[in-house]
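These are the residues of each chain, in order.
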Amino acid sequence: MGNLMSDAFLGLNREELVTRMNEFDEPAYRASQLLEAVYRQRVESIEQISTLPQQLRLKLADIGWTIGLPKIEKRFVSQDGTVRYLMAFNDGQSVETVWMPEGDEGESGDGSEAGDPVSGSGRAWGRATICISSQVGCAVDCQFCLTALLGVKRNLSAGEIVGQVCAVLRDQKVSPPQDRINLVFMGMGEPFLNYENFMKAVRLLAEEVGVPESRMTVSTAGIVPRIDDFGQEPIRPKLAISLNASNDEMRSLLMPLNRKWNLEKLMAAARQFPLRNRERITFEYVLLNGVNDSIEDAKAVAELLRGMRAKVNLIALNPGPGIQFSTPGEDTVTAFQHVLMKAGLPAFVRRPRGRDIFAACGQLKRTVEIAAAPAP
Ligand code: SAH
């Protein structure tokens, strides 16, 4: 079968495509045709690239080249319009990608529409966010996250990261930049432990797929040296950091990586991160009932972030099997939020999306065995 990974067009940039076309004795403009077909039209097979001469299409297919779109193995559709996709790659590994429409249609909440994914085809809709995975599983081992239970199987290639977006855009029949698509690298895995592939995917998404970098956000559990590298990137998403605790003792319990990169190191990296005009760093904070959700915790968080261009996204724990924590009540969440806002920190409560289909933050575990029926 040869090396399957290197025989896919998805993941190759302009320079690499020009080199490949050279090797095939083809003119350089074939690279432009391929970029257009793969990233803009999002064709499924080489056969469908009508701009290439038939002979070349046959030749490429013959020597085993493919587009490399991941296969949508399953779709779970939530009452709130969220769709959780199970995406399978060449080697049989799979990850999850989540489509979250916003606005009227996404919020219809009418169970009868649950089988009909929102599509941009001719209908007015607001905007949507795609949540992308960067690794199969995760090595970071946060105690409240379901993905951690998988351990890490492998990194995704740049093509597999971009491929998730292309497959979802294709399935939903939408196209950036006409359709307002936000991308969040907040799915399975730790993007900063797969830094090179993640960054290559970002550049392809910005330059070839057409999603502006200002519409992308990456979240890290706090891989400090990569936060520094990330700040130097000419093209980069916005930065979010998973804080989740107000002191080292608690953070080390919840997120073992805090023993390596503690709050002092993390906050130093955050404070010296070169922000752009009007940009803020987002700090995510998962509220665990009776664990990190007190008024004192809120005050300590406000103290940690004092004077920074920051905002806080509060996430009430999304529960899951094997997770020993519980979700705080709404009044606890609101009280926490108010302490932050009184201290002058913008604080938002992240609405859970697709909890009923295990698509919400921290729930991505390739859960196939759930009550919600897969969409046809
Ligand atoms: N590994 C990266 C990217 C994942 S982002 C990171 O940790 O930032 C996923 C976000 O969901 C993180 O902010 C994480 O703290 C949060 N999260 C994890 N498990 C959760 C759960 N069970 N309920 C709510 N949020 C959770």
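The rules behind each value
- Residues numbered from 1 in each chain as written.
- Predicted model: local features only at pLDDT ≥ 70, side-chain atom pairs only at ≥ 80, totals over all residues.
- Heavy atoms only, no water.
- Helix = DSSP H or I, 4+ residues; strand = E, 2+ residues; numbered from the N terminus.
- Buried < 20%, exposed > 50% of the residue type's maximum accessible area, 1.4 Å probe, protein only.
- Contact = heavy atoms within 4.5 Å.
- Near = heavy atom within 4 Å.
- Polar contact = N/O pair within 3.5 Å; in protein donor to acceptor, adjacent residues only side chain to side chain.
- Nonpolar A, V, L, I, M, F, W, Y, C, P; charged D, E, K, R; others polar.
- Phe/Tyr/Trp six-rings, centres within 6.5 Å; stacked < 30°, edge-to-face > 60°.
- Axes fitted to C-alpha atoms, helices over the stretch in contact; angles between N-to-C directions.
- Parallel < 35°, antiparallel > 145°, perpendicular 65-115°, else oblique.
- Left-handed = near helix turned anticlockwise from the far one by under 90°.
- Pairing = 2+ DSSP bridges.
- pLDDT = per-residue confidence, 0-100.

Caption draft 1: Examining the overall build of the protein chain more closely. Along the protein chain, the regular secondary structure elements total 10 helices and 12 strands. For the protein chain, buried positions account for 54% of its 376 residues. In the protein chain, 70% of the contacts between residues at least 6 apart in sequence involve partners at least 24 apart.

Caption draft 2: Quick peek at the site of the ligand. The ligand sits among 18 residues. The nearest are Phe144, Ser219, Ser242, Asn244 and Asn318. A distance of 2.8 Å is found between a nitrogen atom of the ligand and a backbone nitrogen or oxygen belonging to Phe144. Backbone polar atom of Asn318 to a nitrogen atom of the ligand: 2.8 Å apart, as the coordinates give it. Elements with a contribution of two residues or more to the shell around the ligand: β8 (216-220) and β10 (281-287). Split into classes, the residues belonging to the shell around the ligand amount to eight nonpolar, eight polar and two charged.

Caption draft 3: Summary view of the packing of aromatic side chains. For the structure shown, the criterion picks out 10 aromatic pairs. An angle of 90° between the planes, with centres 6.1 Å apart, marks the rings of Phe24 and Trp65 as edge-to-face. With Phe24 in the loop between α1 (14-23) and α2 (29-40) and Trp65 in the loop between α3 (54-62) and β1 (71-77), this residue pair connects regions lying 41 residues apart in the sequence. Assessed through its relative accessible area of 13%, Phe24 is described here as buried. Ring plane angle 20° and centroid distance 6.1 Å describe the contact between Phe230 and Phe273, whose orientation is recorded as stacked.

Caption draft 4: Just the packing of α2 against helix α5 (residues 195-209), in detail. At a minimum axis separation of 10 Å, α2 and α5 run at an interaxial angle of 105°. Relative to α5, the element α2 is oriented roughly perpendicular. Contacts from Leu35, Tyr39 and Arg40 of α2 reach α5 at Leu204, Glu207, Glu208 and Val209. Across the contact of α2 with α5, the residue classes break down as four nonpolar, no polar and three charged.

Caption draft 5: Broad picture of the packing of helix α4 (residues 158-172) against α5. One way to put it is that α4 packs onto α5 with a least axis distance of 7 Å and a crossing angle of 40°. It follows from the interaxial angle that α4 and α5 lie oblique. By crossing handedness, the relation of α4 to α5 is classed as right-handed. Counting all contacts with α4, which are made through Ala158, Ile161, Val162, Val165, Cys166 and Leu169, the residues of α5 involved are Asn197, Phe198, Lys200, Ala201, Leu204, Leu205 and Val209. When grouped by side-chain class, the residues that make up the contact of α4 with α5 number 11 nonpolar, one polar and one charged.

Caption draft 6: The sheet that holds β1, seen in detail. Taken in spatial order, the 10 strands line up as β1-β2-β3-β4-β7-β8-β9-β10-β11-β12 in an open sheet, and their pairing is mixed. This sheet does not close on itself; its edge strands, each paired only once, are β1 and β12 (347-349). Neighbour-to-neighbour, the strand axes of this sheet turn through a mean angle of 25°, independent of strand direction. Judged from the six bridges that link them, β1 and strand β2 (residues 83-88) form a sheet pairing that is antiparallel. Of the residues in β2, the one forming a bridge with Phe76 is Arg84.

Caption draft 7: Expanded view of the side chain of Ser252. Relative to the helices and strands, Ser252 resides in helix α7 (residues 248-254). Side-chain polar atoms of Ser252 contact the side chain of Asn258, separated by 3.0 Å. Apart from residues lying up to four places away in sequence, Ser252 is in contact with Asn258 and Arg259.

Caption draft 8: Spotlight on the confidence of the model for the protein chain. In the predicted model, the protein chain carries a mean pLDDT of 90, and the fraction of residues at 70 or more is 90%. Note on residues 1-6: pLDDT under 50 across the span, and four contacts to partners over four residues away in sequence or across chains. Confidence over residues 370-376 falls short of pLDDT 50; this stretch has 13 contacts with residues more than four positions distant or in other chains.

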